[in-house]
Amino acid sequence: MADIIKLLPDHVANQIAAGEVVQRPASVVKELLENAIDAGAKSIKLIIKDGGKALIHVIDDGIGMSATDARLSFERHATSKIQKAEDLFNLNTKGFRGEALASIAAIAHVEMQTKPEQEEMATHLRIEGSEIKFQEVCVAPKGTSMSVKNLFFNIPARRNFLKSNQVELRHITDEFHRVALAHPHIAFHFYNNGSELFILPEASQRQRIVHIFGSRTNEKLVPVNEETQVVKISGFINKPEFAKKSRGEQFFFVNNRFIKSPYLHHAVLSAFEGLIKTDSYPGYFLYLDVDPGSIDINIHPTKTEVKFDDEHTLYAILRSTVKHSLGQFNVVPALDFEQDQNLATPYNYKNKDASQPNVTVDSGFNPFQEVAQKSQGVRTFKKQNTEGWENLYVGLESKVGKDDNFSSLKFESETITGSIFEGQQESLESIATTFQLRRKYIVTTIKSGMVVIDQSRAHQRVLYEQFLKNITVNEAVSQQLLFPLSLSFSKTDIAVLKEIKESLTTIGFVFSKVENEEVKITGVPLMVSESEVGIVLDQLISDFQMEVTEDSFSQTDVLAKTLAKTLAVRTGEVLNNASQLALVNDLFACKESMVSPFNKPVYITITENDIDKKFI
Ligand code: ADP
Ligand code: MG
């Protein structure tokens, strides 16, 4: 038999290797930024077009390359960072595989200009699909400029697999955050489609975090510091009250390299135990410095996992260090001499004009008139206008015909009510007895016994249907704010807000500005009070980050659920009698009163029969 095994040509081998190294534009960004850092850059520029699909350009002021090195750097397994196997155990650089440039050049149009400090002239090189198109001498400043155009131009299947520009940009931004957080002493400039996204001057760890995530972050941070023989830990954790539902701002850096470690993550979580709710996550930015010989970064091709020699000790140290910091921040006022005073203004007062307090007199006030009980801490709310709520479902249910949907739906809702109230025709308002049990349940009587309603879930259901209706029929009422509310958010949050802005407008938010780090709001939905706006938007942003929703129906649903969850009365809130009654009425006017928007039971019924049985 003839020999059939052949060595693959280099450009094919490179293309295959590229499959591992380059998953999406963000992987290229990571490799180029890391090369710039390894080259000792003090300032790095990142320029992106169309989510990195059209252009990724990184410019650094590092050591640059000679003409020969420039050419060699695109060869596979060509690296200046290690020479022998032992070097793998004493790594001080980000890269070491010598694969990145070869891989990138195999699947894109790459152009490089590079000049070492001591040389007169720079090298200009162009490579397309592993093929060198030209190399010439040129004039350029010290450092390296690397531009990568038309990623996956020769692998259409991979190119089609890429997500929308917005989603790819989000991945790039994530990578950028990781690299920029790991290197606060390097200045970064990040431009997207011609506008600046991040301008990060050289800074301290704390300032870098604040520059990236917005000035509101500053008040959340608690410093962490510990030095032992095994590890030096520095960085910040977020105060427990700022724990979020999403796993967003959680960063571990080992020797200035971003890593993922479920094990160490658990150590931090366990330090927070009892301080935050079980379904929320603390934010943290933790920098661990260990002996490079005690870790192995070689186990994963994209290098976000690291193997530690003594993981158990590290776990214990980390856990107790975080606990210690948490214990301290309550007692010792956080003195931060590095703090920039401009960052200290509470976010909702930033840029807000001082206003003259105005006194209003209620001319119709009569002190002898009986007022509904409205003592402090008692929440009251009006029965909602449920007229026409059925419209909400118009078009959602296929079996309902266009002409008679109204009557058939009405019938359906009557059967739901009927099943609890056993044919009782009068409205619930005629049932006077409701009371609140342990500030958690509302108990009300029915003909056959009683209903115990979970107040929070019931309210969630009512609000959820109300919001869905508003969004679907687009009839939200918005209350105009006397003074526009100005809130600041991180750039990433602003990007998410822009995506959902239209849906927010349909439920009654009026935005006069959403850009840079600032949002100006001139109107809010009737059901949202001014003081709640910040919390509501925060929650919305984090819910949307968790669920990448691209179609508008699921966007609407997430929106309605989040608002319902955030604004509903909670367990522990006292409700007066009128509110209890209104809530019960609203609940049973709902299309689906038995389960909350999150599919949890809303009420249980206990019949007279059930009670009788207990007395046997
Ligand atoms: P690695 O980073 O793993 O060594 P790369 O393919 O990313 O592999 O880069 C190959 C080599 O090219 C590097 O080892 C380095 O010597 C050189 N190089 C790459 N980018 C730069 C840069 N921005 N400045 C200076 N040298 C660079
Ligand atoms: Mg590299």
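What you are looking at is a predicted structure, and each value in this text was computed from that prediction instead of being measured. (Residues numbered from 1 in each chain as written. Chains lettered and ligands numbered in written order. Predicted model: local features only at pLDDT ≥ 70, side-chain atom pairs only at ≥ 80, totals over all residues. Heavy atoms only, no water.)

The secondary structure content of the chain amounts to 16 helices and 24 strands. Within the span of the chain, comprising 616 residues, buried residues form 47% of the whole. For the chain, contacts bridging at least 24 residues in sequence account for 70% of all contacts bridging at least 6. Carbon together with sulfur atoms contributes 52% to the accessible area of the chain, which is approximately 32,400 Å² in total. (Helix = DSSP H or I, 4+ residues; strand = E, 2+ residues; numbered from the N terminus. Buried < 20%, exposed > 50% of the residue type's maximum accessible area, 1.4 Å probe, protein only. Contact = heavy atoms within 4.5 Å. Areas by Shrake-Rupley, 256 points an atom, 1.4 Å probe, with all protein chains shown as cover.)

Moving on to the sheet that holds strand S7 (residues 187-192). Pairing between the strands of a sheet comes from backbone hydrogen bonds, and it takes one of two forms, parallel or antiparallel. Read from one edge of the open sheet, 8 strands run S5-S4-S3-S6-S2-S1-S7-S8, paired in mixed fashion. Both edges of this open sheet fall to strand S5 (131-138) and strand S8 (195-200), since each of them pairs with a single strand only. Across the sheet, the mean angle separating the axes of adjacent strands is 10° when strand polarity is ignored. In the sheet, strand S3 (residues 109-115) pairs with strand S6 (residues 143-149) via 7 bridges, with the strands oriented antiparallel. The partner of Gln113 across the bridge, within S6, is Ser145. Its contacts with the sheet place helix H2 (residues 25-38) against strand S1 (43-49), strand S2 (55-60), S6 and S7, and it is angled at close to 10° to S2. Each of S7 and S8 touches helix H7 (residues 205-213); the most contacted strand, S8, lies at about 165° to it. (Pairing = 2+ DSSP bridges. Axes fitted to C-alpha atoms, helices over the stretch in contact; angles between N-to-C directions.)

Turning to the site of ligand 1, a few remarks are in order. Ligand 1 sits among 18 residues. The nearest are Asn35, Thr79, Ser80, Lys81 and Gly98. Within the contact set of ligand 1, a nitrogen atom lies 2.9 Å away from a side-chain nitrogen or oxygen of Asp60. Surface burial for ligand 1 is 92%, taken as the share of its 530 Å² of free accessible area covered by protein chains. Split into classes, the residues belonging to the shell around ligand 1 amount to 6 nonpolar, 8 polar and 4 charged. (Near = heavy atom within 4 Å. Polar contact = N/O pair within 3.5 Å; in protein donor to acceptor, adjacent residues only side chain to side chain. Nonpolar A, V, L, I, M, F, W, Y, C, P; charged D, E, K, R; others polar.)

On to the packing of helix H6 (residues 165-182) against H7. Here H6 crosses H7 at 160°, and the two axes come no closer than 9 Å. Comparing their axes, H7 and H6 come out roughly antiparallel. In this structure, the crossing between H6 and H7 has a hand that is right-handed. In this structure, H6 uses His177, Ala180 and Leu181 to contact H7, whose residues at the interface are Arg208, Ile209, Ile212 and Phe213. Of the residues assigned to the contact of H6 with H7, the class counts are 5 nonpolar, 1 polar and 1 charged. (Parallel < 35°, antiparallel > 145°, perpendicular 65-115°, else oblique. Left-handed = near helix turned anticlockwise from the far one by under 90°.)

Moving on, we get to the packing of aromatic side chains. The final tally for this structure, using the stated rule, is 15 aromatic pairs. Relative to Phe285, the ring of Phe213 has its centre 5.7 Å away and its plane inclined at 50°; by these criteria the two rings are tilted. With Phe213 in helix H7 and Phe285 in strand S13 (residues 284-289), this pair connects stretches of sequence that are 72 residues apart. The exposure classification of Phe213 matches that of Phe285, with both residues buried. Summarising the aromatic geometry, the rings of Phe588 and Tyr603 are spaced 5.2 Å apart at their centres and angled 65° between planes, so their arrangement reads as edge-to-face. Placement of the pair is Phe588 in helix H15 (residues 577-588) and Tyr603 in strand S24 (residues 603-607), with a sequence separation of 15 residues. With a relative accessible area of 9%, Phe588 lands in the buried category. (Phe/Tyr/Trp six-rings, centres within 6.5 Å; stacked < 30°, edge-to-face > 60°.)

When their charged atoms lie close together, side chains carrying opposite charge are able to pair. As enumerated under the stated definition, the model contains 14 salt bridges in all. Across the salt bridge formed by Lys520 and Glu518, the nearest N and O atoms sit 3.9 Å from each other. Under the relative-accessibility criterion, Lys520 is labelled partly exposed at 25%. We classify Glu518 as buried; its relative accessible area is 13%. What you see here is one network of salt bridges that share partners, running through Lys513, Glu518 and Lys520. (Salt bridge = Lys/Arg side-chain N within 4 Å of Asp/Glu carboxyl O.)

With that settled, the discussion passes to the confidence of the model for the chain. Looking at the chain, the pLDDT average stands at 81 and 80% of residues meet or exceed 70. No element of the chain has a lower mean pLDDT than helix H10 (residues 405-421), which averages 35, and none a higher one than S2, which averages 98. Overall, residues 385-431 carries pLDDT values under 50, and its contacts beyond four positions in sequence, including any with other chains, amount to 56 contacts. (pLDDT = per-residue confidence, 0-100.)

Within the fold, Leu221 resides in strand S9 (residues 221-227). For the pair Leu221 and Ile237, spaced 16 residues apart in sequence, the C-alpha separation works out to 5.7 Å. Those residues in contact with Leu221 that sit more than four places away from it in its chain are Arg206, Ile209, Val210, Phe236, Ile237, Asn238, Lys239 and Phe285.

All right, on to the environment of Phe153 then. In this structure, Phe153 sits in the loop between S6 and helix H5 (156-161). Taking the C-alpha atoms as reference points, Phe153 and Lys53, 100 residues apart in sequence, are found 9.4 Å from one another. Sequence-distant contacts of Phe153, defined by excluding residues within four places in its chain, comprise Ile107, Ala108, His109, Glu128 and Gly129.

So, on to the sheet that holds strand S19 (residues 449-454). The 4 strands are arranged S17-S18-S19-S24 in an open sheet whose pairing can be described as antiparallel. The two strands at the open ends of the sheet, each matched to only one other strand, are strand S17 (434-437) and S24. Geometrically, the sheet is characterised by an average inter-axis angle of 25° between neighbouring strands, direction not taken into account. Two elements, S19 and S24, share 5 bridges in a ladder whose sense is antiparallel. Bridge assignment links Ile453 to a residue of S24, and that residue is Tyr603.

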